[in-house]
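Notes for the structure review
Here's the letter readout for the chains.
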Amino acid sequence: DINFQKNKWTIYTNFTGSRSGELMGWIIGVDYPDRNWSLNDTGIYNIDQYNGTIGIDYAVGKKSSLGISYSGGYREENGNDDVKNYITGRPSGKIDSIIRSYAVYNPIAISNSFNLHYLNKFNQKGAQLSIDGDYFNFYRTDYSNFKGWTQIPGMQEPEGDLMLYYNTAKQNILIYTLKADLTLPTSFASWMFGSKLSFITNNSNALYYDLQSGSKVYDSSKSNIYGYVENTQAFYATGTKNMNKWTIQAGLRAEITKTNGHSYTLNQIHEDHYLKFYPSVAISVEANEQNSFTGTFSKRINRPSFWTLNPYRSLLTSFAYYDGNPALKPEYTSQLELGHNYKKLFSTSVYVNRTNNGFDNLTIGSMDTNLVYRTPLNFLTTTKYGMTEIISFSPLSWWESTNQFNLYYTDAKSNLSIVKDLAGWGKYIATSNNFYFNKDKTFSGAINYWCQFPEIDHIGRSNTYSSLDLGLMYTTLNKKWNFALNATDIFKNSAPTIYTTVNGLQQSFDNFQLSRSIVFALTYKFGSNRKSDNRKSGNEEEKSRL
């Protein structure tokens, strides 16, 4: 990080780079009446990743500033997938056959982002206008060599049953956004009005070539060329009123969205055009020096990622694949929460939230074949009732502790005949502890732990999983140097197993893309100690859908 100030100019830049190797994968099990079907995907990934930002701000006058910034990123993976699909007979338990595949691939992703921002502070009371114009481009290329075969126990690999494919894939996402926010404090209330326009295009393809003849033969049945356009116009307003011990905030956001997804290979078009409103209300009161109460209601939207909208077929084995869904729609969540805080030590809240048109990945198996595929669908209505307790205290002058307990009941209803409704209790606990080893609090340690007990997860039930993290940090008195040593997920127990029933077949899904790591970080700050404004660009929501 470098931050430099001179007269009316501010120049800032930062750069991060990493090289890592990871072992990741997942296991899917499907329990048929006459056989057990399990798919084990393991992969080794070597990842090079670099990100950087540079920006310049200029003070146009005493009350306004103009700035421009650029952010770029590069990520390259060299990896392989080794997938084993075991077919086990019942009740003998003997392996009938192993459907195998092995793929080597090299995805490269490059991102470029420009932000132009303007800020004008009209007066000392907080009236201001901020404008952000953003451009973002994400470009990803990938290739893979895929080899699949059926292996009979005790026999050599049957050359005649080999499936050989070469696959290329590209994704080019362009996002343009323009966002303006106006803050106007008045004697009655403080107001904020805003508008945001976003224009998104996503052009991608996945091309498969059969190599069994010794040369590349294009396979149109597995390939796809896809284009997606999404335009959204949002208008929002918020008012905040302070009355003695009361604070009332109310807001409304309106969004007009138009989407068009076109699969050129399948000659299919999916269009949607809708207007949605998202209200929010928050009320708080300081009853006395020891007690305060809050109440909130909000409605929000969760849009699917760009990749899940692409009808791209990803082969896992000869009899298993993943499909995107261009007809996937957003899900909507409404939440009501009531809270109480006592002496800033105990914070209690009770809540209910409801998600309509919820989406999730479904693994669907056929009763009369070995074919299994996985695809995202809208089919869930989920209601959750819960209570959260947070306790923050300092048992000793050098020990700060924050502890959380969450108890809730989830009712998930499906509108698909192949998925049954589920309901049940869940609970979550977490503790975060900081220890200071000197009076200046420049040398500290941390012990953090969380545990998720069995719960309803979309259409499945999870097991118990948890994580223990440890850390040490030392900062020099002048705040220039910072040394940190952190270990996460020490016992390698942070990945859940989800148990589901789809189409009458019991399933289990294990994801062992664990986050266990040991990281040593050394940081030195150049230039002034001026605190960063931590300002965000106007397209953070859109970029989170990558």
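Now for a quick tour of the structure. (Residues numbered from 1 in each chain as written. Predicted model: local features only at pLDDT ≥ 70, side-chain atom pairs only at ≥ 80, totals over all residues. Heavy atoms only, no water.)

1. Considering the packing of aromatic side chains
- For the coordinates displayed, the defined rule picks out 25 aromatic pairs.
- With a centroid separation of 6.3 Å and 40° between ring planes, the pair formed by Phe114 and Tyr135 is classed as tilted. In this pair, Phe114 sits in strand β6 (residues 108-121) while Tyr135 sits in strand β7 (residues 128-151), placing the two residues 21 residues apart along the sequence.
- For Tyr135, a relative accessible area of 26% gives the class partly exposed.
- Through pairs of rings, three or more aromatic residues link up here, namely Phe437, Phe443, Tyr474, Trp481 and Phe483.
- A cation over an aromatic ring shows up here: Arg374 above the ring of Phe509, its NZ or CZ 4.6 Å from the ring centre.
- Above the plane of the ring of Phe453 lies Lys427, whose end atom (NZ or CZ) is 4.9 Å from the centre. (Phe/Tyr/Trp six-rings, centres within 6.5 Å; stacked < 30°, edge-to-face > 60°. Helix = DSSP H or I, 4+ residues; strand = E, 2+ residues; numbered from the N terminus. Buried < 20%, exposed > 50% of the residue type's maximum accessible area, 1.4 Å probe, protein only. Lys NZ or Arg CZ within 6 Å of the ring centre and 35° of its normal.)

2. What about the pairing of β7?
- Pairing geometry for strand β5 (residues 95-105) and β7, over 8 bridges, is antiparallel. Within β7, the residue paired with Ser101 across the bridge is Gly148.
- With 14 bridges connecting them, β6 and β7 associate as antiparallel partners. Residue pairing across strands places Asn112 opposite Asn137, the latter belonging to β7.
- As consecutive antiparallel partners, β6 and β7 are separated by 6 residues, and within that stretch Gly126 has a phi angle of approximately 110°, a positive value.
- Strand direction decides the pairing type here: β7 and strand β8 (residues 163-185), joined by 21 bridges, are antiparallel. (Pairing = 2+ DSSP bridges.)

3. Quick look at the pattern of salt bridges
- Taken as a whole and judged by the stated rule, the model has 18 salt bridges.
- The residue Asp34 makes a salt bridge to Arg35 at a minimum N-O spacing of 3.1 Å.
- Classification of Asp34 as partly exposed rests on a relative accessible area of 45%.
- For Arg35, a relative accessible area of 9% translates into the label buried.
- Across the pair Glu542 and Lys196 runs a salt bridge whose closest N-O atoms are separated by 3.0 Å. Of this pair, Glu542 sits in helix α2 (residues 540-543) while Lys196 sits in strand β9 (residues 190-210); the two residues are 346 residues apart in sequence, bridging distant segments of the chain. The pair formed by Glu542 and Lys196 is uniform in burial state, with each residue classed as buried.
- Through salt bridges with shared partners, a single network forms among Glu230, Arg253, Glu255, Arg303, Glu541 and Arg545. (Salt bridge = Lys/Arg side-chain N within 4 Å of Asp/Glu carboxyl O.)

4. Let's talk about the nonpolar core
- Of all hydrophobic cores here, the largest spans 14 residues; its most connected members are Trp26, Ile28, Val30, Tyr32, Trp37 and Leu39.
- With 3 residues, the single largest contributor to this core is strand β2 (residues 9-31).
- Within the second largest apolar cluster, 10 residues are counted, among which are Leu362, Ile364, Val419 and Ile456. (Core = buried A, V, L, I, M, F, W, Y, C linked by side-chain atoms within 4.5 Å.)

5. Comments concerning the side chain of Thr475
- Mapping Thr475 onto the fold places it in strand β25 (residues 465-475).
- Excluding its chain neighbours within four sequence positions, the residues that come into contact with Thr475 are Thr442, Trp481 and Asn482. (Contact = heavy atoms within 4.5 Å.)

Treat this as a map of the structure, not an account of what it does.
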